[in-house]
Amino acid sequence: MKILFMGTPEFAVPSLEALIAAGHDICGVFTQPDRPKNRGMKLLPPPVKECALAHNILVEQPVKLRDGAALDRIKILAPDLIVVAAYGRILPQDILSEPPMGCINVHSSLLPKYRGAAPINWAILNGEKETGVTIMHMAAEMDTGDIIAQCTTAIGPDETAPELTIRLAQLGASLLCQTIDKLSDKTAARTPQDHGNATLAPMLSRELSALCFSKPAQALHDQVRGLLPWPAATTQIQGIRCKIFSTCVESGQAVPGTVLSAGKDGLLIACGDGSALRILELQPDGGKRMKTADFLRGHPVEVGSVL
């Protein structure tokens, strides 16, 4: 099948590679423009662009999708189907209507739950025990199209958003190829979403970062896992703002925020509901990521003090 692929981050790469391996004719790739990154602010290509160029596939990086230029390029490429995976742009109706077989999307949640930009993060933040991938027909409104196929997977109790992203990217790639085979032989299902059960997964912000120890430790553990790699959960230790990278849940009865232990096993802090959170890895502002025990050697914390 002749396919135009649209995607940008690492999550989309396995889907593109799977389509190539399956023998589909990838007539082009649309991805977002190169962005300045790191301290040098050097322009770096998106992962999908790097993958496409490695396979000698035409890459387009339109700044706009509604000025007619992108549609003109799509008409020239003449794909049978457009496949979208984490492109980061909403497609206008004229593009959605152009391919004979329409446009389908690889979305990293079990729709209609977690429509939006950060479904993986919000599933973890909300303490979900399972999530999955949905392949859907695209509609004008975000993530509202009819469902073609879904695949469910458990979320590990200590699994972080980056770790889950890697797994869901692979699941999505496999499900995508199965779905396209069914679209080709006209056996694919088409199930409207139950919009009454929809939930949203908006973009993350730094406002979500601060840990509040009056909450149960499990909620804070989920916050730490769900906010990686950005913006990361944070707290103040000895007046130093620290990003928190790794924690575990224990029991501990004390006023929330009380330091229960501080040493070679990290920092144990009392939380709500008679629980406690052990901070295992952190990164102080201006410093590097390290074991909490190493941080405490230079910044000792008194047991019984309250954060």
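For the structure itself, look to the data block above.
Residues numbered from 1 in each chain as written. Predicted model: local features only at pLDDT ≥ 70, side-chain atom pairs only at ≥ 80, totals over all residues. Heavy atoms only, no water.

A. Just helix H2 (residues 47-54), in detail. Among the residues making up H2, those that are buried are Val48, Lys49, Cys51 and Ala52. Viewed along the axis of H2, the buried residues span an arc of 160 degrees, placing them on a single side of the element. In this structure, the buried residues of H2 make contact with strand E1 (2-7), helix H1 (13-21), strand E2 (25-30) and strand E5 (59-60). Trailing H2 by a residue or two, Asn56 shows a phi angle of about 60 degrees, which is positive. (Buried < 20%, exposed > 50% of the residue type's maximum accessible area, 1.4 Å probe, protein only. Helix = DSSP H or I, 4+ residues; strand = E, 2+ residues; numbered from the N terminus. Arc of directions from axis to C-beta. Contact = heavy atoms within 4.5 Å.)

B. Structural detail: helix H3 (residues 69-77). Considered for burial, the residues of H3 that qualify are Ala70, Leu71, Ile74 and Leu77. Down the axis, H3 shows its buried residues gathered within 120 degrees of arc, on one side only. Tucked into the core, H3 has its buried residues touching E1, E2, strand E6 (81-85) and helix H4 (93-96). Downstream of H3 by one or two residues, Ala78 has phi in the positive range, about 55 degrees.

C. Representation of the pattern of salt bridges. Evaluated as defined, the whole model comprises 11 salt bridges. One salt bridge in this structure joins Arg190 and Asp146, with 2.9 Å as the shortest N-O distance. You can see Arg190 sitting in the loop between helix H6 (161-184) and helix H7 (217-226) and its partner Asp146 sitting in the loop between strand E8 (130-137) and strand E9 (147-154), a full 44 residues away along the chain. Judged by its relative accessible area of 53%, Arg190 falls in the exposed class. (Salt bridge = Lys/Arg side-chain N within 4 Å of Asp/Glu carboxyl O.)

D. Representation of the pairing of strand E13 (residues 266-270) in the model. In terms of burial, E13 is a largely internal element, five of the five residues being buried. When strand E12 (residues 259-263) meets E13, the two strands line up antiparallel, connected through four bridges. Along E13, the bridge assignment pairs Ala262 with Leu267. Hairpin connection between E12 and E13: a loop of two residues separates the two successive antiparallel strands. In this sheet, strand E14 (residues 275-284) lies alongside E13 in antiparallel orientation, the contact comprising four bridges. Its bridge partner lying in E14, Leu268 is registered against Arg278. Linkage of E13 to E14, two consecutive antiparallel strands, is achieved through a turn of four residues, within which Asp273 is found at a positive phi near 60 degrees. (Pairing = 2+ DSSP bridges.)

E. Highlighting the side chain of Thr160. Checked against the element boundaries, Thr160 lands in the loop between E9 and H6. Residues within four places of Thr160 in sequence aside, it is in contact with Ile124, Arg225 and Leu228.

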